[in-house]
Amino acid sequence: MTTVRVVVGGAVCEGGRLLAARRSAPPALAGRWELPGGKVEDGETPERALERELREELGVETEIGDRIPGEWVLRPGYVLQVWTARLVSGAPRPLQDHDELRWLRPGEEEQVDWLDQDRPAVAEAMRRLAATAAGIPGVRR
């Protein structure tokens, strides 16, 4: 039986915007954009792993929200799961694995070259942000 490792991504939202992070490594991914996050370590829940990864990569404290439906294969044995997150304290800055951050509003997501696996979660996060901005009841960010 093959073990699948979970990689978590954070759709960090604030002020009607989504945070995008440009990869600086590895070379095959450098220059492309993603939702920040990383691998779930043994004994961690995905939500705790995401809090830790956002602290390490961006220097922020977050509150993890809803899971975005879906799971995307990154490479054999690894899948991406994404949660919404909101900033509790700190200003995001690229500390590890990234060299630039950018806040994007709904409709601006195509301004960056997203990693293919992140695109469905980004689309859903932007849909939720647009619905929240439009005041549609029952839609949380």
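First, a word on scope: everything that follows refers to the structure included in this document. Only a predicted model underlies this, so the values are computations on that prediction, with no experimental measurement involved.

1. What to know about the pairing of strand S5 (residues 61–75)
Two faces, one strand: in a regular strand the side chains alternate between the faces of the sheet. Pairing geometry for S5 and strand S6 (residues 78–89), over nine bridges, is antiparallel. By the bridge assignment, Arg75 is partnered in S6 with Tyr78. Taking the residues between adjacent antiparallel strands as the criterion, S5 and S6 are bridged by two residues, where Gly77 takes a positive phi near 90°.

2. What to know about the pairing of strand S2 (residues 17–23)
Burial within S2 is extensive, with five of its seven residues counted as buried. Summarising the sheet, strand S1 (residues 5–14) and S2 pair through two bridges and their orientation is antiparallel. Looking at the pairing, Glu14 lines up with Arg17 of S2. If you look at the hairpin formed by S1 and S2, you'll find two residues sitting between the two strands, and Gly15 has a positive phi there, around 60°. Both S2 and strand S7 (residues 98–104) contribute to a ladder of six bridges, which runs antiparallel. Its bridge partner lying in S7, Ala20 is registered against Arg102. Sheet topology note: the S2/strand S3 (residues 33–34) ladder contains two bridges and is antiparallel.

3. Structural notes on helix H2 (residues 119–133)
Over its 15 residues, H2 extends 21 Å from the first C-alpha to the last, a length consistent with the 21 Å expected when each residue adds 1.5 Å. Those residues of H2 not exposed but buried are Ala121, Val122, Glu124, Ala125, Met126, Arg128, Leu129 and Ala131. Those residues of H2 hidden inside the fold are in contact with S1, S2, S5, S6 and S7. Gly135 sits one or two positions beyond H2 and adopts a positive phi of about 75°.

4. Observations concerning unusual backbone geometry
Look at the link from Ala25 to Pro26: it is a cis peptide, with omega at -10°. Tracing the backbone through its elements, the reader meets Pro26 in the loop between S2 and S3.

5. A word on the environment of Leu101
Take Leu101: it is sitting in strand S7. Sequence separation between Leu101 and Arg32 is 69 residues, and the spatial gap between their C-alpha atoms is 11 Å.

6. Observations concerning the pattern of salt bridges
For the coordinates displayed, the defined rule picks out 18 salt bridges. Residues Glu44 and Arg52 are paired through a salt bridge, measuring 2.7 Å at the closest nitrogen-oxygen approach. Judged by relative accessible area, which is 23%, Glu44 ranks as partly exposed. Note that Asp116 is salt-bridged to Arg119, the shortest N-O span being 3.8 Å. Among the charged side chains, a salt-bridge network with shared partners connects Arg32, Glu110, Asp113, Asp116 and Arg119.

7. Observations concerning the side chain of Glu51
With respect to the secondary-structure elements, Glu51 resides in helix H1 (residues 46–58). For Glu51, the contacting residues outside a window of four places in its chain are Thr62 and Ile64.

8. Observations regarding H1
Each full turn of the α-helix corresponds to 3.6 residues, which orients residues three or four apart in the same direction. For H1, built from 13 residues, the straight-helix expectation of 18 Å at 1.5 Å per residue is met to within 8% by its first-to-last C-alpha distance of 17 Å. Every buried residue of H1 is listed here: Ala49, Leu50, Glu51, Arg52, Glu53, Leu54, Glu57 and Leu58. Buried positions along H1 lie against S1, S2, strand S4 (37–39), S5, S6 and S7. Two residues or fewer past H1, Gly59 is found with a positive phi of approximately 70°.

So, how was this worked out
Residues numbered from 1 in each chain as written. Predicted model: local features only at pLDDT ≥ 70, side-chain atom pairs only at ≥ 80, totals over all residues. Heavy atoms only, no water. Pairing = 2+ DSSP bridges. Helix = DSSP H or I, 4+ residues; strand = E, 2+ residues; numbered from the N terminus. Buried < 20%, exposed > 50% of the residue type's maximum accessible area, 1.4 Å probe, protein only. Expected span 1.5 Å × (residues − 1). Contact = heavy atoms within 4.5 Å. Salt bridge = Lys/Arg side-chain N within 4 Å of Asp/Glu carboxyl O.

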